[in-house]
Structures are given as structure tokens and as C-alpha cells.
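# Working through the structure, step by step
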Amino acid sequence: MKHLFGLSLLSLFFVACQPPAENAPEVDNSGQEAFERNSKTVMAFLEGYQNENLDYNSIYSENVILRLTHFGSKDSLDLEGMMKNDAQGWANHDFELLADPVVLLPGVNTETKMVDGSVRYYGDWMVTRSATDSTEAKSGIVRLYESFDFDEEGKIIYQQYYGDLTGLNMYLRSE
């Protein structure tokens, strides 16, 4: 019995030490590498948005589409519309991402289910309506899910978010 056990261990050792098969498929890490690269762009977006100072030219493709998902919104905005919309939002509100650290998640190709370089995150944002002569400042927290797709240059080409922005705006404007 001892000999059989020793022989089994010895056989296992030789099998484990075999060189890899020559026809073993190579692992494609390009999606993961693109995700890691594109995550830096998303972090630059999040930091720039909070600081009301986005470098649109380095972050966004000139052909970017921002899909609007809140009630009553038009379908989407282009880069010029995004810049105008952001300026209006920053004039009336302060934005603070409450996640620390921010957790970014890789997106996957819907057909292959492989990591494709897109980036997602879930985060709570505190939005504060600025005080005026007749109103006090007021804050609310909204949970957002946001996704970003990228062009070949690593710039955001498609962005969308989901969260109850309509409810948040109604709350911030209520007395």
C-alpha cells in the first residue's frame, strides 16, 4: 500500500511538471488592459465634475453622446450640449461623490461576455442647491449608476447614467 501511495505521488509530480501544451490558447488581456487605461479617464471625469473643472478635450471624443435617462429629458446630448448642461448645473449646485474609494467595474461585450474596456460605477452623490437671497442651501443624495464606452483613442464616446434625478430636483426645489 505504501508503494502504491508513493508511486501515485511520484506520478502526480511528473504530470504537474510537464511543460504547457504547444497549442494552448493565449489569453487575451486587451479588454482588461483597456479597462485599466479607461478607468483613469473615468476618474479624471469624476474629479473634474466634482471640482467643476472638466477638461472636455482630453476626456471626451468630439462625437460623444450622453444618453439622458431622466423623466422629461430629450434623448441625448452632444459635446456642446453637455458643456452647456454642466455649466448650468454647476451654477446652481455643488456636487460631491460620496464613494471613497470609488469602485470602478469593467463592462462586458453583450455578445462575447468578455471584458471590453468599458467602465461602470455605482455611487452616491450629494447635490447641494446653492443658497440665494430668498432660499437657504438644501442638499440631497442620489444614487447613480453610470457607464462609459470609449473610442480607439481612449476618449469617452458614449456615456449614460441612471438615477432619480427628477426626484432629486423636485426635492431640492421644494420649500
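Residues numbered from 1 in each chain as written. Predicted model: local features only at pLDDT ≥ 70, side-chain atom pairs only at ≥ 80, totals over all residues. Heavy atoms only, no water.

Right, let's talk about the overall build of the protein for a bit. The helix and strand inventory of the protein stands at 5 helices and 7 strands. Element order for the protein, N to C, with α for helix and β for strand: α-α-α-β-β-α-β-β-β-β-β-α. For the protein, with 175 residues in total, the buried portion stands at 34%. Of the roughly 12000 Å² of accessible surface on the protein, a fraction of 54% belongs to carbon and sulfur atoms. (Helix = DSSP H or I, 4+ residues; strand = E, 2+ residues; numbered from the N terminus. Buried < 20%, exposed > 50% of the residue type's maximum accessible area, 1.4 Å probe, protein only. Areas by Shrake-Rupley, 256 points an atom, 1.4 Å probe, with all protein chains shown as cover.)

Relative to the elements of secondary structure, Thr 135 occurs in the loop between strand 5 (115-129) and strand 6 (138-150). Polar contacts involving the side chain of Thr 135 include one to the side chain of Thr 132, which spans 2.7 Å. Residues contacting Thr 135, with those up to four places away along its chain left out, are Arg 129, Ser 130 and Glu 175. (Polar contact = N/O pair within 3.5 Å; in protein donor to acceptor, adjacent residues only side chain to side chain. Contact = heavy atoms within 4.5 Å.)

Time to look at the pattern of salt bridges. In the structure shown here, the tally under the stated rule is 2 salt bridges. As a salt-bridge pair, Asp 149 and Arg 120 come within 3.8 Å of each other at their nearest N and O atoms. Placement of the pair is Asp 149 in strand 6 and Arg 120 in strand 5, with a sequence separation of 29 residues. Residue Arg 120 is classed as buried on the basis of its relative accessible area, which comes to 19%. (Salt bridge = Lys/Arg side-chain N within 4 Å of Asp/Glu carboxyl O.)

Residues Phe 45, Tyr 60 and Trp 125 are the most contacted members of the largest nonpolar core, which totals 32 residues. Sorting elements by how many residues they give to this core places helix 2 (residues 30-50) first, with 5 residues. Phe 45 has contacts with Leu 54, Ile 59, Tyr 60, Glu 146, Phe 148 and Gln 159, leaving out every residue within four places of it along the chain. (Core = buried A, V, L, I, M, F, W, Y, C linked by side-chain atoms within 4.5 Å.)

With that out of the way, let us pick up the side chain of Asn 38. Along the chain, the position of Asn 38 falls in helix 2. Every residue in contact with Asn 38, bar those within four places of it in the chain, is listed here: Gly 117, Val 119, Phe 150 and Gly 154.

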